[in-house]
Amino acid sequence: MSLRNTQERWGSLAMAFHWAIVILILTQFVLANMAESLPLGMAKLATLARHKSVGITILGLAALRLGWRISNRGHNPPLPADLKGYERFLAHLTHEGLYLLLFAMPLTGWMMSSAANYPVTFFGWFRFPALVGANKELHEVYEEVHEFLFSALLVITVVHVLAALYHHFIQKDDTLRRMLPFGRRRAA
């Protein structure tokens, strides 16, 4: 498998970014639910610290993934040629929405922590600067925005997964296979 993208399939680095981010987003969901169920105390703070570190990791991977995609411009697999105009529009809207949310979610979480005067560290190794000053009202706004963005991420992700499954099982094309490390092209 090629490191770089080709017109036929995503390269191994693009796949690694994609699937690592998927796993980390699932981890975020678990960590957020765990933290929500814990009483205020050290266990809750430790779980939230891990949640923040994973969020920063997603932010970094999203930046690398976007940079890799841009550097492969002209070599990225195109959308299927038989897509209708509205399907092509929705595909672009979904992908751009996912990229936007991969940046907005961690940044609003970081701003929320900053406004609450809680540090954001990277697994305890180093501390990131506050993005905004301590402000209780601002913290509440960022918390609501962060939760709204999670709902948007959930909806767009479901649409993305359903579209991939539709292409695989109904359209019977290679859209899903070209992002799977073990996927092989269908015989023509």
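Residues numbered from 1 in each chain as written. Predicted model: local features only at pLDDT ≥ 70, side-chain atom pairs only at ≥ 80, totals over all residues. Heavy atoms only, no water.

Engineer: I tried to follow the overall build of the protein chain on my own but got confused; where do I start?
Structural biologist: Across its full length, the protein chain holds 4 helices and 2 strands. Beginning at the N terminus, the succession of helices and strands in the protein chain can be written as α-α-α-β-β-α. Out of the 188 residues belonging to the protein chain, those deemed buried represent 38%. For the protein chain, restricting intrachain contacts to residue pairs at least 6 apart in sequence, the fraction spanning at least 24 positions comes to 64%. (Helix = DSSP H or I, 4+ residues; strand = E, 2+ residues; numbered from the N terminus. Buried < 20%, exposed > 50% of the residue type's maximum accessible area, 1.4 Å probe, protein only. Contact = heavy atoms within 4.5 Å.)

Engineer: What is the right way to read the side chain of lysine 52 from this model?
Structural biologist: Along the chain, lysine 52 falls in helix H2 (residues 42–71). Discounting residues that sit within four places of it in the chain, lysine 52 has contacts with Ser113, Tyr118, Pro119 and Val120.

Engineer: Please explain the packing of helix H3 (residues 85–115) against helix H4 (residues 136–171) as it appears in this structure.
Structural biologist: Pairs of packed helices are described in terms of their axes, by the angle between the two and the distance that separates them. Running from N to C, H3 and H4 cross one another at 155°; their axes reach a closest spacing of 8 Å. Classified by the angle their axes make, H3 and H4 are roughly antiparallel. Remark: the crossing between H3 and H4 carries left-handed chirality. Class assignment of the residues belonging to the contact of H3 with H4 gives a composition of 16 nonpolar, 9 polar and 2 charged. (Axes fitted to C-alpha atoms, helices over the stretch in contact; angles between N-to-C directions. Parallel < 35°, antiparallel > 145°, perpendicular 65-115°, else oblique. Left-handed = near helix turned anticlockwise from the far one by under 90°. Nonpolar A, V, L, I, M, F, W, Y, C, P; charged D, E, K, R; others polar.)

Engineer: What exactly am I supposed to notice about the pattern of salt bridges here?
Structural biologist: Where charged atoms from two side chains of opposite charge come close, those side chains can pair. The tally for this structure, following the rule as stated, stands at 2 salt bridges. We note a salt bridge from glutamate 140 to lysine 136, for which the minimum N-O separation is 3.5 Å. Linking glutamate 140 with lysine 136, this pair stays in helix H4, spanning 4 residues, or about one helical turn. Put simply, arginine 177 and aspartate 174 hold a salt bridge, and the shortest N to O gap is 3.5 Å. As far as burial versus exposure is concerned, arginine 177 and aspartate 174 are alike and both buried. (Salt bridge = Lys/Arg side-chain N within 4 Å of Asp/Glu carboxyl O.)

Engineer: Just to check I follow, could you spell out a nonpolar patch on the surface for this structure?
Structural biologist: Taken together, the side chains of Leu154, Val158, Val161, Leu162, Leu165, Tyr166, Phe169 and Ile170 define a hydrophobic patch exposed on the protein surface, amounting to about 750 Å² of accessible area. Tracing the chain through its elements places tyrosine 166 in helix H4. (Patch = residues over 30% accessible without salt bridge, like charges linked within 9 Å, V, L, I, M, F, W, Y side chains within 5 Å. Areas by Shrake-Rupley, 256 points an atom, 1.4 Å probe, with all protein chains shown as cover.)

Engineer: Help me understand the packing of H2 against H3, please; the structure alone is not making it clear to me.
Structural biologist: Axis separation between H2 and H3 bottoms out at 9 Å; the angle between their running directions is 145°. Considering how the two elements wind past one another, H2 and H3 form a crossing that is left-handed. In this structure, H2 contributes Lys52, Gly55, Ile56, Ile58, Leu59, Ala62, Ala63, Arg65, Leu66 and Arg69 to the contact, and H3 contributes Tyr99, Leu102, Phe103, Pro106, Leu107, Trp110 and Ser113.

Engineer: Is there a simple way to explain H3 in this structure?
Structural biologist: The α-helix winds at 3.6 residues per turn, so residues separated by three or four positions along the chain end up facing the same way. Compared with an ideal rise of 1.5 Å per residue, which puts 31 residues at 45 Å, H3 spans 43 Å between its outermost C-alpha atoms and is within 8% of the ideal. Trailing H3 by a residue or two, asparagine 117 shows a phi angle of about 65°, which is positive. (Expected span 1.5 Å × (residues − 1).)

Engineer: Any chance you could explain the packing of aromatic side chains here in plain terms?
Structural biologist: Pairs of aromatic rings are described using the distance from one ring centre to the other and the angle between the two planes. Within this structure, the stated rule accounts for 7 aromatic pairs. Centroid distance phenylalanine 29 to phenylalanine 150: 5.9 Å. Interplanar angle 15°. Geometry classified as stacked. Here phenylalanine 29 is found in helix H1 (residues 12–37), whereas its partner phenylalanine 150 is found in helix H4, with 121 residues between them in sequence. By relative accessible area, phenylalanine 29 is classed as partly exposed at 43%. (Phe/Tyr/Trp six-rings, centres within 6.5 Å; stacked < 30°, edge-to-face > 60°.)

Engineer: What should I look at first to understand the nonpolar core in this one?
Structural biologist: One broad trend across soluble globular proteins is that nonpolar side chains are buried collectively. Among the nonpolar cores identified, the biggest contains 14 residues, and Trp10, Ile21, Leu24, Val54, Ile58, Leu61 and Leu102 are the most heavily contacted of them. Every element with two or more residues in this core is listed here: H1 and H2. Top contributing element to this core by residue count: H1, with 6 residues. Setting aside residues up to four positions removed in sequence, isoleucine 58 forms contacts with Ile21, Leu24, Ile25, Gln28, Leu102 and Pro106. (Core = buried A, V, L, I, M, F, W, Y, C linked by side-chain atoms within 4.5 Å.)

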